[in-house]
Amino acid sequence: MNSLSAATVLVDDDLIRKDTPRETEQIRRFIISFFMEDETVRIFEESVPNSGFGSGIFLLRSRLKKKTGQSSVKDTFYEPKDFYVGAKIVANGCAFVLTDADVRFYAFVENHPEIYTDINAEDQKRLAHMLKGKQELTENQKMHLLKDLRDAVCSNYGCLVYPTEAVPDIGIGLSPPDLVIEKLYSGNLPIPQELLKRLVDAFTFDGRTELDEVRAFLLVALGHDRDHGK
């Protein structure tokens, strides 16, 4: 795995720049990437409509020194165990709280319990949903959504297995929902557009859609088994 990425938001902290109002800082969004091969960090600011801030590099890729508040002969730098949902990262005089992560991060946590001794992937996912202010669908709600999708496929295509090669490639990880919907609409799938939008909305949190979940649901609705949909 090359990097760990997380959506972040600036928090009200003594380290926040004093010349910027707190309300203005809170609407900004960033992607923090941690590169495993050399333990470097890069921070990219995303464009948020009507925020007054454009997108661009906030921190060039480099090793990020920790601000410990104590004098030390040896510098200490951020390492993999410092990056998890709920963690605070300080860079360029600003504090960030990690509020979300991509699928590679959760897989990394699952596969490296020796690094993340106090957390697990499932708890991290639940915390991310809480921080994003939207609850994940219950199992019952997921079953209803899947039934509606499958019923639509059977009605418009027949209860056959829809060919995988005809399914639009929406990618992996996280993506803005508008882009996901556009790709799904362009695929001429045997599913009404309002149902496709409902599918995307179900797995969209804080303006980002979880592509792996959407793809898994979509493939099962199109007649593939659950293992294929994962």
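Residues numbered from 1 in each chain as written. Predicted model: local features only at pLDDT ≥ 70, side-chain atom pairs only at ≥ 80, totals over all residues. Heavy atoms only, no water.

Looking at an unreviewed UniProt entry, one finds the protein chain named EF-hand domain-containing protein 1 and attributed to Trichonephila inaurata madagascariensis. We quote the UniProt Subcellular location (unreviewed entry) comment for the protein chain here in full: "Cytoplasm, Cytoskeleton, Cilium axoneme". (UniProt positions renumbered as here; feature names shortened; annotations may be inferred.)

Draft legend 1. Structural context of the sheet that holds strand E7 (residues 174–175). Taken in spatial order, the 3 strands line up as E7-E9-E8 in an open sheet, and their pairing is antiparallel. Every interior strand has two partners, whereas the edge strands, E7 and strand E8 (204–205), have only one. Looking at chain direction, E8 and strand E9 (residues 208–210) are connected through 2 bridges and run antiparallel. Each residue of the ladder has a partner; that of Thr-204, found in E9, is Thr-209. (Pairing = 2+ DSSP bridges. Helix = DSSP H or I, 4+ residues; strand = E, 2+ residues; numbered from the N terminus.)

Draft legend 2. Structural view of the packing of helix H6 (residues 193–202) against helix H7 (residues 211–221). At their nearest, the axes of H6 and H7 sit 9 Å apart, and the two run at 140° to each other. The angle between H6 and H7 places the two elements in the oblique class. Judged by the sense of rotation from one axis to the other, the crossing of H6 with H7 is right-handed. On the side of H6, the interface is formed by Leu-196, Leu-199 and Val-200, while H7 contributes Val-214, Phe-217 and Leu-218. (Axes fitted to C-alpha atoms, helices over the stretch in contact; angles between N-to-C directions. Parallel < 35°, antiparallel > 145°, perpendicular 65-115°, else oblique. Left-handed = near helix turned anticlockwise from the far one by under 90°. Contact = heavy atoms within 4.5 Å.)

Draft legend 3. Structural detail: the packing of aromatic side chains. By the definition in use, this model includes 10 aromatic pairs. Between Phe-30 and Phe-96, the aromatic rings sit 5.1 Å apart at their centres with planes inclined by 85°, giving edge-to-face as the arrangement. Note that Phe-30 is positioned in strand E2 (residues 29–35) and Phe-96 in strand E6 (residues 94–98), a separation of 66 residues in sequence. Classification of Phe-30 by relative accessible area gives buried; the value is 0%. With a centroid separation of 5.5 Å and an interplanar angle of 80°, the aromatic rings of Phe-58 and Phe-96 are classed as edge-to-face. With Phe-58 in strand E4 (residues 56–62) and Phe-96 in strand E6, the pair connects residues that are 38 residues apart, well separated along the chain. In this structure, Arg-61 packs its charged tip against the face of Phe-35, placed 3.8 Å from the ring centre. In this structure, Lys-125 is placed above the aromatic ring of Tyr-106, and the distance from its NZ or CZ to the ring centre is 5.6 Å. (Phe/Tyr/Trp six-rings, centres within 6.5 Å; stacked < 30°, edge-to-face > 60°. Buried < 20%, exposed > 50% of the residue type's maximum accessible area, 1.4 Å probe, protein only. Lys NZ or Arg CZ within 6 Å of the ring centre and 35° of its normal.)

Draft legend 4. Layout of the packing of helix H4 (residues 139–156) against H7. Two elements in contact, H4 and H7, have axes whose closest approach is 8 Å; the angle formed by their N-to-C orientations is 50°. The pairing of H4 with H7 is recorded here as oblique in orientation. In terms of crossing hand, the pair formed by H4 and H7 is right-handed. Facing H4, whose interface residues are Lys-142, Leu-145, Leu-146, Leu-149, Arg-150 and Val-153, H7 presents Phe-217, Val-220 and Ala-221. By residue class, the composition of the contact of H4 with H7 is 7 nonpolar, no polar and 2 charged. (Nonpolar A, V, L, I, M, F, W, Y, C, P; charged D, E, K, R; others polar.)

Draft legend 5. Spotlight on the pattern of salt bridges. The final tally for this structure, using the stated rule, is 12 salt bridges. In this structure, Arg-63 engages Glu-39 in a salt bridge whose closest nitrogen and oxygen atoms are separated by 3.9 Å. Taken as a pair, Arg-63 in the loop between E4 and strand E5 (88–91) and Glu-39 in the loop between E2 and strand E3 (40–46) lie far apart in primary sequence, 24 residues in all. Owing to a relative accessible area of 27%, Glu-39 belongs among the partly exposed residues under this scheme. What emerges from the salt-bridge pattern is a single network uniting Glu-37, Asp-38 and Arg-61. (Salt bridge = Lys/Arg side-chain N within 4 Å of Asp/Glu carboxyl O.)

Draft legend 6. Broad picture of H6. For H6, the complete set of buried residues consists of Leu-195, Leu-196, Leu-199, Val-200 and Ala-202. Within H6, the buried residues cover an arc of 160° as seen down the axis, which keeps them to one side. Structurally, H6 contributes buried residues whose contacts are with H4, helix H5 (177–186), E8, E9 and H7. (Arc of directions from axis to C-beta.)

Draft legend 7. Spatial organisation of the state of the cysteines. Within the structure shown, the criterion is met by 1 disulfide. Note that Cys-154 is cross-linked by a disulfide to Cys-159, the S-S spacing being 2.3 Å. Taking the sign of the S-S torsion, about 130° here, the bridge from Cys-154 to Cys-159 comes out right-handed. Since its relative accessible area comes to 57%, Cys-159 is described here as exposed. (Disulfide = S-S within 2.5 Å.)

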